[in-house]
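Here is what each chain is made of, one letter per residue.
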Amino acid sequence: MSSPSTDHQSLSDAILAAEAGQPQSVALAGPARPVLRELVIGGALRRAWLMLENERPITRVAVRPRDAAQVPSVFGILEDDHRRLDAMAAEMIVKGAEDPAVALTLGHDFVYGLRRHIRIEEELLFPIFDARSGMQGQGPTQVMRAEHRMIERELDRIVKGVEAHARGDAGAWRDVVEAVGEMEGVLGPHNMKEERILYPMIDRFVAGPEQAEVLARLVLWE
Ligand SMILES: [Fe+2]
Ligand SMILES: [Fe+2]
């Protein structure tokens, strides 16, 4: 039987595996945040990236290899999250036409993950950028927010599409593929701008003890 204390053990095992280069997906028996808080405060982000994968129907945490030579950073964890989400969308497109159940699971995980990623940026990180750059929401974060709205329109289509596909709707899969294509057209350049400009500047703005605090809030974000 699994229990919240075995969650700590499962995540600790997954961190060891991630340090050996193997990304893990850990299903938890209890709520994610208490155990994640304990691990993050204990320095787990120096060993692996931790990211909530989904909370329904079960709670799962992605535990992913990171470059051990670099200090944990906003750039590092969110660049990795871009890669994680890209891979999930690609896997959904490869497997989903033939397997609607897989399309449904991957589609829901992908949309949950990208929506949460966008909330973290807009509610936690962009306000830091705006306040400290002195741009007050008029600079690059305004462009990023507008692109998020375009991305979210396609995420709605993806959710509806994978659900209809799972119900046996014959035309639904084509709409999913089209929505993913439209989304990628915006998301590719969007991610690149964040990785080259916004994330490194945010890391500079919070350099020092504040950076660890921002990273902990990011991992635990509701
Ligand atoms: Fe973004
Ligand atoms: Fe992003």
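What you are looking at is a predicted structure, and each value in this text was computed from that prediction instead of being measured. (Residues numbered from 1 in each chain as written. Chains lettered and ligands numbered in written order. Predicted model: local features only at pLDDT ≥ 70, side-chain atom pairs only at ≥ 80, totals over all residues.)

1. Focus: the overall build of the protein chain
- A count of helical and extended segments in the protein chain gives seven helices and three strands.
- Counting from the amino terminus, the protein chain carries its helices and strands in the arrangement α-β-α-β-β-α-α-α-α-α.
- Radius of gyration (C-alpha) of the protein chain: 18 Å, near the 17 Å computed for a compact globule of 222 residues.
- Each principal axis of the C-alpha distribution contributes one length, and for the protein chain these read about 55 × 50 × 25 Å.
- Here the protein chain holds 222 residues, and 33% of them are scored as buried. (Helix = DSSP H or I, 4+ residues; strand = E, 2+ residues; numbered from the N terminus. Rg over C-alpha atoms; globule rule 2.2 N^0.38 Å. Buried ≥ 20, exposed ≤ 12 C-beta atoms within 10 Å, placed from the backbone.)

2. Points about the packing of helix H2 (residues 32–41) against helix H7 (residues 209–220)
- It is the contact of H2 with H7, at a shortest axis distance of 10 Å, that shows an interaxial angle of 155 degrees. Comparing their axes, H7 and H2 come out roughly antiparallel. Crossing handedness for the pair H2 and H7: right-handed. Of the residues in H7, those touching H2 at Arg33, Leu36, Arg37 and Val40 are Ala216, Val219 and Leu220.
- Its residues assigned to classes, the contact of H2 with H7 shows five nonpolar, no polar and two charged. (Axes fitted to C-alpha atoms, helices over the stretch in contact; angles between N-to-C directions. Parallel < 35°, antiparallel > 145°, perpendicular 65-115°, else oblique. Left-handed = near helix turned anticlockwise from the far one by under 90°. Contact = placed C-beta atoms within 7 Å. Nonpolar A, V, L, I, M, F, W, Y, C, P; charged D, E, K, R; others polar.)

3. Let's talk about the domain arrangement of the protein chain
- When cut into domains, the protein chain gives domain 1 (4–65) and domain 2 (74–207).
- The distance between the C-alpha centroids of domain 1 and domain 2 comes to 22 Å.
- In this assembly, seven residues from domain 1 lie in contact with nine residues from domain 2.
- Listing elements by their share of the side of domain 1 that touches domain 2, those giving two or more residues are strand S2 (48–54) and strand S3 (59–65).
- Top contributing element to the side of domain 1 that touches domain 2 by residue count: S2, with five residues. (Domains from an automatic or database assignment.)

4. Digging into the sheet that holds S3
- Ordered by their spatial adjacency, three strands build an open sheet running S1-S3-S2, and the pairing between neighbours is antiparallel. Two strands lie at the open edges of the sheet, namely strand S1 (24–28) and S2, each paired on one side alone. Strand-to-strand twist across the sheet, computed as the mean angle between neighbouring axes with direction ignored, equals 25 degrees.
- Contacts from H2 reach S1, S2 and S3 within the one sheet, and its direction differs from that of S2 by about 170 degrees. (Pairing = 2+ DSSP bridges.)

5. Concerning the nonpolar core
- In this structure, Leu11, Leu36, Leu50, Val61 and Val63 are the most contacted members of the largest nonpolar core, which totals 36 residues.
- Taken domain by domain, the makeup of this core includes at least three residues from each of domain 1 (4–65) and domain 2 (74–207).
- In terms of nonpolar packing, the next biggest core, distinct from the first, is built from 17 residues, Ala103, Leu106, Leu155 and Val162 among them. (Core = buried A, V, L, I, M, F, W, Y, C linked by C-beta atoms within 7 Å.)

6. Points about the packing of helix H4 (residues 100–133) against helix H5 (residues 140–166)
- For the pair H4 and H5, interaxial distance at closest approach is 9 Å and the crossing angle is 165 degrees. The orientation of H4 with respect to H5, classified from their angle, is roughly antiparallel. Two packed elements cross with a definite hand, and for H4 against H5 that hand is left-handed.
- For the contact of H4 with H5, a count of residues per class yields 15 nonpolar, four polar and six charged.

7. Quick notes on the environment of isoleucine 58
- When you line up the elements, isoleucine 58 lands in the loop between S2 and S3.
- Take isoleucine 58: there are 10 C-beta atoms within 10 Å of it, and that puts it in the exposed class.
- Distance in space between the C-alpha atoms of isoleucine 58 and proline 31 is 9.6 Å, their sequence separation being 27 residues.

8. Some details on H4
- Taking 1.5 Å per residue, 34 residues should reach 50 Å; H4 reaches 46 Å between its end C-alpha atoms and fits that length.
- Most pronounced at leucine 125, the bend in H4 amounts to some 40 degrees, and the proline proline 127 follows within four residues.
- Following H4 by one or two positions, glycine 134 has its phi on the positive side, about 80 degrees. (Expected span 1.5 Å × (residues − 1). Bend = angle between axes of the 7 residues up to and from the residue.)

9. Considering unusual backbone geometry
- A cis geometry characterises the amide bond from arginine 56 onward to proline 57, with omega recorded as 0 degrees.
- With respect to the helices and strands, proline 57 occurs in the loop between S2 and S3.

10. Regarding helix H3 (residues 74–96)
- Given a rise of 1.5 Å per residue, 23 residues ought to cover 33 Å, and the 32 Å separating the end C-alpha atoms of H3 matches this to within 8%.
- Within H3, the full set of buried residues consists of Val74, Ile77, Leu78, Asp81, Leu85, Ala89, Met92 and Gly96.
- Structurally, H3 contributes buried residues whose contacts are with S2, H4, helix H6 (172–205) and H7.

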